[in-house]
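# Tertiary structure, described
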Amino acid sequence: MAHRRGSALLVAPVLVLSLFLAGCPKRPATTAASAPPPTGAPPSSAAPSTTSPGGAMTPSPVAPSTATPSTTPPAPSEFRETANLKDVFFDFDKYDIRAGDAAVLDTNAAWLKSNDNLVLIEGHCDERGTNEYNLALGERRAKATMNYLVGQGVQANRITIISYGKERPTCTEHSEGCWAKNRRAHFLVKAR
Amino acid sequence: MNRLLRPGRPLGFLVGLVLLAALGGALSSPPAARSQAADVLLNVLATGAKKLNIVVPHFTVVGGPDAQGLGKNLSLVTARDLTFSSLFSVVSDVPPIPVGDPAALKAAFANFAAAGAHAGLQGVLTLRGDRAEIEMRLHDLTSPEFRLIGAKKIELPTAQTRRLAHKVADEVVLQFTGEAGVADTKVAYVNSGSGSKELSLMDYDGASAARVTSNNSINISPVWSPDTRSLAFTSYMRGYPYLYRMFPFENRPVQVLAGFLGINTSPAFSPDGRSVALTLSRDGNPEVYVLNLASGAFRRLTTYSGIDTEPSWSPTGREIAFVSERAGGAQIFVMDAEGANVRRLTQAGFNTQPRWSPKGDTIVFTSRQGNFDLWGIGPDGSNLRRITAGPGNNEGASWAPNGRHLVFQSNRLAGGYQLFTMLADGSEQQPLTRAPGESTSASWSPRLP
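### So, the overall build of chain B
When its secondary structure is counted, chain B shows five helices and 30 strands. The C-alpha radius of gyration computed for chain B amounts to 23 Å, which stays within 12% of the reference 22 Å derived for 449 residues, consistent with globular compactness. With the principal axes as the frame, chain B shows a C-alpha extent of 75 × 50 × 45 Å. Of the contacts formed within chain B by residues at least 6 apart in sequence, a portion of 44% connects residues at least 24 apart. Total accessible area on chain B is roughly 15600 Å²; 53% of this is exposed by carbon and sulfur atoms. Averaging the positions of the 42 positive and the 36 negative side-chain charges in chain B gives two centres separated by 1 Å.

### Overview of the confidence of the model for chain B
All names here are of chain B. On average, residues of chain B score 91 in pLDDT, and 92% of them are at 70 or above. Under a pLDDT of 50 for its full length, residues 1-26 has, in the predicted model, 51 contacts with residues more than four places off or in other chains. Here the predicted complex carries an ipTM of 0.87, next to a pTM of 0.85.

### Points about helix α3 (residues 131-151) of chain A
Residue and element names in this part refer to chain A. Over its 21 residues, α3 extends 30 Å from the first C-alpha to the last, a length consistent with the 30 Å expected when each residue adds 1.5 Å. Burial runs high along α3: 19 of the 21 residues are buried. Just past α3, the residue G153 takes up positive phi, approximately 105°.

### Things to note about the layout of surface pockets
The computed volume of the largest pocket comes to approximately 1100 Å³. Going through the elements one at a time, α4 (176-182) of chain A together with β24 (371-377) of chain B are the ones with two or more residues in the lining of the largest pocket. Looking at side-chain class alone, the lining of the largest pocket contains 14 nonpolar, 21 polar and twelve charged residues. In this structure, the second largest pocket encloses a volume near 910 Å³. The wall of the second largest pocket is formed by 42 residues, among which B:W224, B:F269, B:S312, B:W356 and B:S443 lie closest to the centre.

### Quick notes on the sheet that holds strand β10 (residues 219-224) of chain B
In any sheet, the strands associate via hydrogen bonds between backbone groups, in a parallel or an antiparallel arrangement. Residues and elements named next belong to chain B. Spatially, four strands are ordered β10-β11-β12-β13 in an open sheet, and the strand pairing comes out antiparallel. The open sheet terminates on both sides in strands that have one partner only, identified here as β10 and β13 (255-258). Within this sheet the neighbouring strands show an average axis-to-axis angle of 30°, counted without direction. Strand direction decides the pairing type here: β10 and strand β11 (residues 231-235), joined by four bridges, are antiparallel. Its bridge partner being in β11, W224 is matched across the sheet by L231.

Calculation rules
Here the residue numbers are simple positions, counted from 1 along each chain's written sequence. Labels follow written order: the first chain is A, the first ligand is 1, and so on. Given that this is a predicted model, residues contribute local features only at a pLDDT of at least 70 and side-chain atom pairs are listed and counted only at 80 or more, while totals for whole chains, interfaces and linings are drawn from all residues. Hydrogen atoms and water are omitted, and side-chain values are computed over all heavy atoms in the structure. To qualify as a helix, a DSSP run of H or I must reach at least 4 residues; to qualify as a strand, a run of E must reach at least 2; elements of each kind are numbered from the N terminus. The globule rule is 2.2 Å times the number of residues to the power 0.38, and the radius of gyration it is compared with is taken over C-alpha atoms. Any two residues having at least one pair of non-hydrogen atoms within 4.5 Å are treated as being in contact. We get accessible surface area from the Shrake-Rupley algorithm with a probe of 1.4 Å; when it comes to residues, only the shown protein chains can shield them. In this tally, Lys and Arg are treated as positive and Asp and Glu as negative; His is ignored, and so are the chain termini. Where a charge lies is defined by one atom per residue type, namely NZ (Lys), CZ (Arg), CG (Asp) and CD (Glu). Known as pLDDT, the predictor's per-residue confidence is scaled from 0 to 100. For a helix, the expected span equals 1.5 Å multiplied by the residue count minus one. Residue burial is assigned from relative accessible area. The probe radius is 1.4 Å, only protein chains are included, and a residue is buried under 20% of its type maximum, exposed over 50%, and partly exposed in between. Of the grid points, spaced at 1 Å and generated over the protein atoms alone, those admitting a 1.4 Å probe that cannot get out make up cavities, while open sets with protein on both sides within 12 Å along at least five of seven lines make up pockets; any residue with an atom within 4 Å of a point is treated as lining. Grid points are joined across faces, edges and corners, and a volume is the space filled by probe spheres set on the points. Residue polarity is assigned by list, with Asp, Glu, Lys and Arg as charged and Ala, Val, Leu, Ile, Met, Phe, Trp, Tyr, Cys and Pro as nonpolar; anything else, Gly included, falls into the polar class. When DSSP finds at least two bridges between two strands, those strands are taken to pair. Here an axis means a line fitted to C-alpha atoms, over the contact stretch when the element is a helix, while the angle between two N-to-C directions is reported on a 0 to 180 degree scale.

This is the structure we're talking about:
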C-alpha cells in the first residue's frame, strides 16, 4: 500500500516479543489428562482479574520496549472531538469515498494542514453482518479516508486509524436511515 | 471406556446402519467395536422407531445423606441431556431403583418395559466428602431379564456434580452410538448485560453462566483452544483492537497474541492447538495470517488488496475456509493451510462466517439475502443448502464437537439477539439464553477433559 506507516514496522516486533515473555508457549499440545478440570462455574475472579485504577484490564506484562515511545500511537482516549472535522459516509459494504464526501474531506484536509494536530480516524459500520467482517470493513473505511487526506497533503505520520466495526453505532434504530448514519469515518484530534 | 461385551449380532447391522444414518449418522463405531447397547439401538430402529425410549429414574444415593436432593436433580439433568441429543425419548422423574436387589430392579423396570421403554438407566451416586462418584448401569428392557448392557464409573469433585450428570449422559450416548455425547461442554459467548460487551461462559444447556471478563471495553470473537483450557478473543481493553488469550479456569494472566497497528481479529485455533489463524491489517489491509504459538512467528496466507478475513480450519488442519471480497462482494473461499490453491465456494449473495464442521463434510456460513440466514455447503462446493429461514436474522453458527448440533444467534424475539441451538439440518431449534443483555458470538467448546 502506498501509505503504509513506517511505525507499524517498528511496533510489530516489540509485540511479538511480548508474546514470548508472557509465557505463552510452554505446552503446545497439552494432554487432557494433565489439564485441570474446569469448574462448574468459573469464578469471574479467575479470569483477567488484575484491574488497573483506570478500570482497564491489565494483560500479561509487556516486554521492555526497545522502540522509542513515538512509535506507539497515543491511546484513543487521548483524542478529543472537534467540530472542525466532519464525518464522511459510505454505502453498504463499500469503502470508496463518495463524490459528495470528497468535498468534505477537502475541507477537513485544509483544516488539518493549518492546525498541527494528530488525528484519529475511526472507521464504523452498520449493525448488519458479522463483527469480524465489519471490523475489516471499518478498517478499510478508515484507511481509504486516511489515504484521501494524505493525497491532499496531510502528513501520514500525523494520522492513526482505528476500526470499531459495528461495535459503536451512533444510531441504534434498525432502519436504513440509521444504518446510513453509522457507516462512517469519524475524526478526533490530539495536540502534538 | 468400559464396554462389557463384544457384539454378537452382525446380521442386523446393515439394516440398522441405514436407519441410524437417517437418524443423523450417530453410529460411528465399526462393527468390531460395537457394544451391546448399540445392538439394542439398532434393533429398536429396525422396528421403525425414530428414537430409543429410555427411562431415567432418580439416581440412587448411597454412602451418605443427600440433603441437596442430588439423586433427583442430577438424574433430571441427565434426562434433559439425553432428550437434547435427539436420539432418545426420555421418561424421567420417577423413583430410584434399589441397589443390589435384582428382583426389585426387575419389578421397577417392568412397568416401563410394558409401556414401551427399550432401555433403563440406573445411576448409583456415592458422596464421599469432596468427591462424588456415579456408577451408571444400562439395562436392556427389551430382553427378558433386563440384562445389563453397559456400565461405567465416573468420579469428580463434589463441586462439579452437575458435570457428573452430563458425563453420564455422554457415556450413555457413547454406549449406544460409539461416539460420546456433547453434554459435558461449554459455550463461550459475548453478553452486553453489563452495558459493555464482555465474555461469558455457560454449560452447553445454558446453566452456570458466568462472566469471565470485566474490563468495561469491547470484547468479541471468543474461540476455544482444542484443549478447552483457553480462549482467544479480540478486545479493546488497551484502546485498540488487539488479539488476546485467556485461561478462564486457571489463575493465569491474559496474554497478548497480536498487537499490531490496525486490526488483530477473527481468531481460530488450528485443530492441533499449535497455531492460531487470524486477521491482521499490519501490511496495509486485512489479510489472513497464521500465528505459530511456539515460535511467535506470523505467516501471511493471503494477498489481496481488499478484505480477507474470518479463517476457519478444516478438522484435518490441512485447509482453511475464509471470507474474501476478491471476487466482488463477500464470498467464502477455501485455501490450503499454506495459502495456496485458493478456490471459491459460494457464488451469489453476501456470505460470511464460514465454520467448518468437526466431521469435515460441511461448511456452515451466514448468507445475506434480504435477512441473514445460515446455509451449508460441502468443502467441494456441492450440496449447497439452506439451514434456517427466519424468523429474524440467524447468524454466527458454531458446531458442537460431534458435528450434529449448532449454536447460533438470532434476533427473532423482541429485545435483540439471543443464542439458540438446533440440529445441523435446522430442525429442533430452541432458545439457549435470555436477557439481561444481548448474547452473541457463541463458540461451542470441544468436550471437556
